[in-house]
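Architecture at a glance
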Amino acid sequence: MKTSRIKRIAINTGGGDAPGLNAVIRAVTIAALNRGWEVLGIRDGLNGIFLPHLYPDGGVVPLTRERVRGITHLGGTILGTTNKGNPLKHPTQRKDGTWYEKDRSDEVVRAFKTMKIDALVAIGGDGSLTIAHALAEKGLRVVGVPKTIDNDLDKTVVTFGFDTAVSFATACIDRLHSTAESHQRVMVVEVMGRYAGWIALNSGVSSSADVILIPEIPYDLQKVAEKIKEREKEGSKFTIIVVAEGAKPKGGTASVVSKELGRAERLGGVGERVANEIQQLTGKETRCVVLGHLLRGGTPTTFDRLVSLRFGAAAVRALEQGKSNVMVALDPPTVRYVPLEQVTGRMKAVPLDCDTILSARDLGISFGD
Ligand code: F6P
């Protein structure tokens, strides 16, 4: 463990944005400044330090008390973020014109040394924390902070951003109930959740949805159609279906929009797919609403603000204690530090026997299985 005195740290935000990023940035900055450390913010993931030629006005910016004042409640990230620019898989062209993904992490570590940055607080999901882990393995002092609205990071009870996304999705589905009932329609609501159905599950149960389709439980739309017909017989002429973007039919695959070199595949379209098939199977008018990026915006809930501020301050305490290659994790009533190698490359799926799934089934909610 390296315990040399810290003089200058950097913060970066990578991957999809999530409500609470600015609160983490503020907490890290103030806690570090209070220890007499200098704080720099890297723009757009690691691009600001890795690809400096893209930033003629500076890819790395000083973070002062003034710069982080009044940002706790703001969505997005004042540093910018990106889903491209992964230095471990940098799209590079061969002489023959073909492309491949090149590991350029050594250059990133060198750039940190050149700028005399002693440590990095890396705020991100699995992709960004995998990069952070690789940099830590190469000798950079790194503490990770778990971010993603999808809540699919392992070893932390929750990631910040999730509570805000679930709260907003719940409010949206509440609004769809009255229009679905008035028009006697089936409404399909597509929410984010690539590999894990946490947002769909928690918002669906909270808003009394009738059907919830998640990646962990491949669906059979015949079963969903039966559920809709059962409801009709009982006098409920409308149905609300919540579907996670990564949900897939039994024996089928998730709906992929595109796959580009150097970034994760883009998902989308499952809501429309489900709506079309349900209309055909039931003869009922079926409409689809995609909440998508609306779930990533807006002011963080009190829960997310508090967790973000606690994560940020805890990351600075970890650096002060000489820790590196770890992630701050929520383990109520406290936070703890988990080795990054125990977090990256895994995924926290919804356990099929968790009490929320069991309770949903007890409440008569169908998972299309
Ligand atoms: O943050 C995770 C996530 O919200 C996923 O649910 C979704 O698939 C992805 O981000 C979308 O990312 P982008 O905006 O880069 O397409």
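1. Regarding the overall build of the chain
Summing up its helical and strand segments, the chain has 10 helices and 15 strands in all. Its C-alpha atoms give the chain a radius of gyration of 22 Å, within 12% of the compact-globule value 21 Å for 369 residues. A principal-axis box enclosing the C-alpha atoms of the chain has dimensions of 70 × 55 × 35 Å. Counting across all 369 residues of the chain, residues that qualify as buried make up 55%. Counted over contacts in the chain with a minimum sequence separation of 6, partners at least 24 positions apart contribute 72%. Carbon and sulfur atoms form 50% of the exposed surface of the chain, whose accessible area is close to 16100 Å². Across the chain, the centroid of the 49 positively charged side chains sits 7 Å from that of the 41 negatively charged ones.

2. Overview of the pairing of strand 1 (residues 8-13)
For strand 1, a buried count of 5 out of 6 residues is recorded, marking the element as mostly surrounded by other parts of the structure. Where strand 1 and strand 2 (residues 38-42) come together, 4 bridges link them in parallel fashion. Within strand 2, the position partnered with Ala-10 by the bridge is Leu-40. The parallel pair strand 1 and strand 2, bridged by helix 1 (residues 21-33), forms a crossover whose chirality is right-handed.

3. Side note on the pairing of strand 7 (residues 141-146)
Judged by how many residues are buried, strand 7 sits mostly within the fold: 6 of 6 residues are covered. Residues Arg-141, Val-143 and Val-145 point to one face of strand 7 and Val-142, Gly-144 and Pro-146 to the other, with burial holding for every one of them. Two elements, strand 6 (residues 119-124) and strand 7, share 6 bridges in a ladder whose sense is parallel. Within the sheet, the bridge partner assigned to Val-121 lies in strand 7 and is Val-143. As a crossover connection, the stretch from strand 6 through helix 4 (residues 126-137) into strand 7 is right-handed.

4. Description of the side chain of Thr-286
As for its placement among the helices and strands, Thr-286 is situated in strand 13 (residues 286-290). Of the polar contacts made by the side chain of Thr-286, one reaches the backbone oxygen of Lys-284; its length is 2.9 Å. With near-sequence residues (within four places) excluded, Thr-286 lies in contact with Val-186, Val-188, Ala-275, Ile-278 and Gln-279.

5. Description of the sheet that holds strand 9 (residues 211-213)
Read across the sheet, 4 strands follow the order 9-10-8-13 without closing on themselves; strand pairing throughout is parallel. In the strand order of this sheet, the two ends are held by strand 9 and strand 13, each with one partner. Direction aside, the axes of adjacent strands within the sheet are offset by 20° on average. Pairing of strand 9 with strand 10 (residues 239-244), which is carried by 3 bridges, proceeds in the parallel orientation. Each residue of the ladder has a partner; that of Leu-213, found in strand 10, is Val-243.

6. Notes on unusual backbone geometry
Pro-333 follows Pro-332 through a cis peptide bond whose omega is 10°. With respect to the helices, strands and loops of the structure, Pro-333 is situated in the loop between strand 14 (326-331) and strand 15 (334-339). A positive phi angle, close to 55°, is found at Lys-116, a residue other than glycine. Within the secondary structure layout, Lys-116 lies in the loop between helix 3 (105-114) and strand 6.

7. Things to note about the site of the ligand
The ligand sits among Asn-83, Ile-149, Asp-150, Met-192, Gly-193, Arg-194, Glu-245, Arg-263, His-293 and Arg-296. Contact between the ligand and His-293: an oxygen atom at 2.7 Å from a side-chain N or O atom of the residue. When isolated, the ligand has an accessible area of 400 Å², and the protein chains bury 84% of it.

8. Section: the domain arrangement of the chain
Under the domain assignment used here, the chain contains domain 1 (8-160 + 300-332) and domain 2 (163-297 + 351-362). Look at where the C-alpha atoms of domain 1 and domain 2 centre, and you get two points 32 Å apart. Across the contact, 20 residues belong to domain 1 and 18 residues belong to domain 2. For the pairing of domain 1 and domain 2, the buried interface totals around 1600 Å² over both sides, and the portion due to carbon and sulfur atoms is 56%. Put simply, domain 1 and domain 2 have 1 salt bridge between them. Between Asp-17 and Arg-296 there is a salt bridge; the shortest N-O distance is 2.9 Å. Remark: the boundary between domain 1 and domain 2 carries 7 residue pairs in polar contact (both at pLDDT 80 or more). Those elements that provide at least two residues to the side of domain 1 that touches domain 2 are strand 5 (99-102) and helix 9 (302-320). It is strand 5 that provides the largest number of residues to the side of domain 1 that touches domain 2, a total of 3 residues. Residue composition of the side of domain 1 that touches domain 2, grouped by class: 8 nonpolar, 5 polar and 7 charged.

How each quantity is defined
- Sequence positions are assigned chain by chain, starting from 1 and proceeding in written order.
- Note on the predicted model: pLDDT of at least 70 is required for a residue's local features to be given, and 80 or more for side-chain atom pairs to be given and counted; whole-chain, interface and lining totals, by contrast, use all residues.
- Side-chain metrics rest on all non-hydrogen atoms present in the structure, leaving aside hydrogens and water.
- Helix and strand labels come from DSSP, where a helix needs a run of H or I of at least four residues and a strand needs a run of E of at least two; each type is numbered from the N terminus.
- Atoms considered for the radius of gyration are the C-alpha atoms alone. The globule rule reads 2.2 Å times the number of residues to the power 0.38.
- Burial classification: accessible surface area is computed with a 1.4 Å probe over protein chains only, and a residue below 20% of its type maximum counts as buried, one above 50% as exposed, and the rest as partly exposed.
- Residue contacts are counted whenever heavy atoms from the two residues lie within 4.5 Å of one another.
- Here the Shrake-Rupley method, with its probe set to 1.4 Å, supplies the accessible areas, and only the displayed protein chains count as covering residues.
- Positive charges come from Lys and Arg, negative ones from Asp and Glu, while His and the chain ends are left out of the count.
- Charge placement uses NZ in Lys and CZ in Arg. For Asp and Glu, CG and CD serve respectively.
- The rule for pairing is simple: two strands pair if DSSP sees at least two bridges between them.
- If the strands point away from the viewer and the path from the first strand over the helix to the second runs clockwise, then the crossover is right-handed.
- The term polar contact refers here to a pair of N or O atoms within 3.5 Å; inside protein, the definition further demands a hydrogen-donor-capable atom paired with an acceptor-capable atom, and it admits residues adjacent in sequence only when both atoms are side-chain atoms.
- To obtain an axis, a line is fitted to C-alpha atoms, over the contacting stretch when the element is a helix, and the angle between two such axes runs from 0 to 180 degrees between their N-to-C directions.
- Note on definitions. A residue lies near a molecule or strand when any single heavy atom of the residue is within 4 Å of it.
- Segmentation into domains, and thus their bounds, comes from an automatic or database assignment.
- A simple way to read buried area is as the amount of 1.4 Å-probe accessible surface that goes missing from two parts once joined, with both sides added.
- For salt bridges, the criterion is a side-chain nitrogen of Lys or Arg within 4 Å of an Asp or Glu carboxyl oxygen.
- Charged means Asp, Glu, Lys or Arg here, nonpolar means Ala, Val, Leu, Ile, Met, Phe, Trp, Tyr, Cys or Pro, and polar covers whatever is left, Gly included.

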